[in-house]
Amino acid sequence: MPLWWTTNVHANEFLYENSLSTVEIIKKIETPIDKLQAFTNILKNSDESDKTNLTIYIGDSVGDLLCLLEADIGIVIASSSSLRKIVTHFGVSFVPLFSALIKKQKEHVEGSAFGWKGLSGVLYTVSSWAEVHSFIIGS
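Rules of the game
- Residues numbered from 1 in each chain as written.
- Predicted model: local features only at pLDDT ≥ 70, side-chain atom pairs only at ≥ 80, totals over all residues.
- Heavy atoms only, no water.
- Helix = DSSP H or I, 4+ residues; strand = E, 2+ residues; numbered from the N terminus.
- Buried < 20%, exposed > 50% of the residue type's maximum accessible area, 1.4 Å probe, protein only.
- Contact = heavy atoms within 4.5 Å.
- Areas by Shrake-Rupley, 256 points an atom, 1.4 Å probe, with all protein chains shown as cover.
- Pairing = 2+ DSSP bridges.
- Axes fitted to C-alpha atoms, helices over the stretch in contact; angles between N-to-C directions.
- Salt bridge = Lys/Arg side-chain N within 4 Å of Asp/Glu carboxyl O.
- Core = buried A, V, L, I, M, F, W, Y, C linked by side-chain atoms within 4.5 Å.
- Patch = residues over 30% accessible without salt bridge, like charges linked within 9 Å, V, L, I, M, F, W, Y side chains within 5 Å.
- Phe/Tyr/Trp six-rings, centres within 6.5 Å; stacked < 30°, edge-to-face > 60°.
- Lys NZ or Arg CZ within 6 Å of the ring centre and 35° of its normal.

- An unreviewed UniProt entry lists the protein chain under the name HAD superfamily protein, from Helianthus annuus.

Quick look at the overall build of the protein chain
Now for step 1: Check the secondary structure of the protein chain and you find five helices and six strands.
Now for step 2: In the protein chain, the succession of helices and strands from N to C terminus is β-β-α-β-α-β-α-β-α-β-α.
Now for step 3: Here the protein chain holds 139 residues, and 23% of them are scored as buried.
Now for step 4: Long-range pairs, those at least 24 residues apart, make up 46% of the contacts in the protein chain with a sequence separation of at least 6.
Now for step 5: For the protein chain, the computed accessible surface area is about 9,900 Å², with 58% contributed by carbon and sulfur atoms.

Thoughts on the sheet that holds strand E4 (residues 73–77)
Now for step 1: Read across the sheet, four strands follow the order E3-E4-E6-E5 without closing on themselves; strand pairing throughout is parallel. Either end of the sheet is taken by a strand with one partner, and the two such strands are strand E3 (56–59) and strand E5 (93–96). Across the sheet, the axes of successive neighbouring strands diverge by a mean angle of 35°, strand direction being ignored.
Now for step 2: Here E5 runs beside strand E6 (residues 122–126); their pairing, made up of four bridges, is parallel. Counterpart to Phe-94 in the pairing with E6 is Leu-123.

A few points about the pattern of salt bridges
Now for step 1: By the definition in use, this model includes one salt bridge.
Now for step 2: Between Asp-64 and Lys-35 there is a salt bridge; the shortest N-O distance is 2.8 Å. Of this pair, Asp-64 sits in the loop between E3 and helix H2 (65–70) while Lys-35 sits in helix H1 (residues 32–45), placing them 29 residues apart in sequence. For the pair formed by Asp-64 and Lys-35, the shared burial category is buried.

Comments concerning the nonpolar core
Now for step 1: In terms of nonpolar packing, the biggest core is built from 11 residues, these being Phe-39, Tyr-57, Leu-65, Cys-67, Leu-68, Ala-71, Val-76, Leu-83, Val-87, Val-92 and Leu-123.
Now for step 2: Secondary-structure elements contributing two or more residues to this core are H2 and helix H3 (81–89).
Now for step 3: When residues of this core are assigned to their parent elements, the largest contribution, three residues, is made by H2.
Now for step 4: When residues no more than four places from it in sequence are discounted, the contact partners of Val-87 are Leu-65, Val-92, Phe-94 and Leu-123.
Now for step 5: Grouped together as the second largest cluster of nonpolar side chains are 10 residues, Ile-73, Ile-75, Ile-77 and Val-132 included.

A look at a nonpolar patch on the surface
Now for step 1: Where nonpolar side chains cluster on the molecular surface, the patch consists of Phe-14, Tyr-16 and Ile-25 and spans about 330 Å² of accessible area.
Now for step 2: As for its placement among the helices and strands, Phe-14 is situated in strand E1 (residues 13–17).
Now for step 3: Phe-14 sits in the partly exposed class, given a relative accessible area of 43%.

Topic: the pairing of E1
Now for step 1: By the bridge criterion, four bridges tie E1 to strand E2 (residues 20–26) in an arrangement that is antiparallel. From the neighbouring strand, Glu-13 faces E2, where its bridge partner is Ile-26.
Now for step 2: Where E1 folds back onto E2 in an antiparallel hairpin, the turn is made up of two residues, including Asn-18, whose phi is positive at roughly 55°.

Observations concerning the packing of aromatic side chains
Now for step 1: Scanning the model with the defined rule gives one aromatic pair in all.
Now for step 2: On the basis of an interplanar angle of 80° and a centroid distance of 5.4 Å, the ring pair of Phe-39 and Tyr-57 is categorised as edge-to-face. Placement of Phe-39 in helix H1 and of Tyr-57 in strand E3 is noted, with a sequence separation of 18 residues between them. Grouping residues by exposure puts Phe-39 and Tyr-57 together as buried.
Now for step 3: Taking NZ or CZ as reference, Arg-84 lies 4.3 Å from the ring centre of Phe-94, over its face.

What follows is the structure, given as structure tokens:
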């Protein structure tokens, strides 16, 4: 049976002129607290009756840390050295996303529950958006 899910993407928006991006960003969310509040609001407005939905937050800096830790899957892309220092100081681990996915699949095949549900103290790392795409889309 195929796995179906809904993907909702939330981000600051690009400014467009005649269907082309001007490369300017309309900054609606700027501070770490703004990000956490927006992420919390998204979680509150999600369908809580469907416990199979996962939350994924993708970030690259200290300003993303609160949301990265709040999400079921926090993905760090090309992290800054300051983010690594702070995360390590608080005992949070970095694990390559691909390795974690392989481990989760092996656990599932061996009969364990296939779970990513949150607040695990682990952030998953990727080096490019191509890895994120592969993870989310599965290609």
